[in-house]
Amino acid sequence: MAELTEDLAGLVDSIVRPLVEDADALDVAAVETEDGSIVVEVRVAEGDAGKVIGRQGRVIKAIRTLARAAASRSGKLVDVELID
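Everything numeric here is computed off the predicted structure, so don't read it as measured data. (Residues numbered from 1 in each chain as written. Predicted model: local features only at pLDDT ≥ 70, side-chain atom pairs only at ≥ 80, totals over all residues. Heavy atoms only, no water.)

Because side chains alternate across strand β3 (residues 78-83), one face comprises the buried residues V78, V80 and L82, and the other comprises D79, E81 and I83, none of which is buried. Two elements, strand β2 (residues 38-43) and β3, share 6 bridges in a ladder whose sense is parallel. Bridging from a neighbouring strand, E41 pairs with E81 of β3. (Buried < 20%, exposed > 50% of the residue type's maximum accessible area, 1.4 Å probe, protein only. Helix = DSSP H or I, 4+ residues; strand = E, 2+ residues; numbered from the N terminus. Pairing = 2+ DSSP bridges.)

This next bit is on the environment of E34. Mapped onto the elements of the fold, E34 is located in the loop between β1 (27-32) and β2. Given the relative accessible area of 87%, E34 is considered exposed. Sequence-wise, E34 and K51 are 17 residues apart; in three dimensions their C-alpha atoms are separated by 31 Å.

Take the packing of helix α1 (residues 2-16) against helix α3 (residues 58-71) next. Packing of α1 against α3 brings their axes to within 10 Å, and their N-to-C directions diverge by 150 degrees. One finds that α1 runs roughly antiparallel with respect to α3. Read as a crossing pair, α1 and α3 show a hand that is right-handed. Between α1 and α3, the residues in contact are L8, L11, V12, I15 and V16 and I63, L66, A67, A70 and A71, respectively. Along the lines of polarity and charge, the residues of the contact of α1 with α3 split into 10 nonpolar, no polar and no charged. (Axes fitted to C-alpha atoms, helices over the stretch in contact; angles between N-to-C directions. Parallel < 35°, antiparallel > 145°, perpendicular 65-115°, else oblique. Left-handed = near helix turned anticlockwise from the far one by under 90°. Contact = heavy atoms within 4.5 Å. Nonpolar A, V, L, I, M, F, W, Y, C, P; charged D, E, K, R; others polar.)

Inspection of the secondary structure assignment puts S37 in the loop between β1 and β2. Among the polar contacts listed, one links the side chain of S37 to the side chain of T33, at a separation of 2.8 Å. Here D35 takes part through its side chain, which lies 2.9 Å from a polar atom of the side chain of S37. Setting aside residues no more than four positions away along its own chain, S37 makes contact with V31, E32 and L77. (Polar contact = N/O pair within 3.5 Å; in protein donor to acceptor, adjacent residues only side chain to side chain.)

Our focus in this paragraph is the sheet that holds β3. The pairing of strands in a sheet comes from backbone hydrogen bonds and takes either a parallel or an antiparallel form. Strand order in the open sheet formed by 3 strands is β1-β2-β3, and the pairing between neighbours is mixed. Single-partner strands in this sheet number two, and they are β1 and β3. Taking each pair of neighbouring strands and ignoring which way they run, the sheet shows an average axis angle of 20 degrees. Those strands touched by α1 are β1, β2 and β3, and its axis lies near 30 degrees from that of β2.

This part covers the nonpolar core. Nonpolar side chains in soluble globular proteins tend to be buried together. Grouped together as the largest cluster of nonpolar side chains are 21 residues, with contacts concentrated most on V12, V16, V40, V42 and V44. Going through the elements one at a time, α1, β2, α2 (49-53), α3 and β3 are the ones with two or more residues in this core. Not counting chain neighbours up to four residues away, the residues in contact with V42 comprise V12, V16, L26, D27, V28, V80, E81, L82 and I83. (Core = buried A, V, L, I, M, F, W, Y, C linked by side-chain atoms within 4.5 Å.)

Here it is in structure tokens:
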């Protein structure tokens, strides 16, 4: 399952990288929790957080939907969190 977590981190990274201005500050890490779910943590520069969230949270919701769809075949639960 480590391959799935790496794939999800790569997917989220490829989606978020074009959105942010400070790509050097972007950090995407995926970890598998004890209950078997996967949490993808996205860290961006303070000024780029609004771009990743989007108006009324639409962008981050779309990113979460894509990550969940990518993991749906494996039956894993996935959550994408934006960390300030």
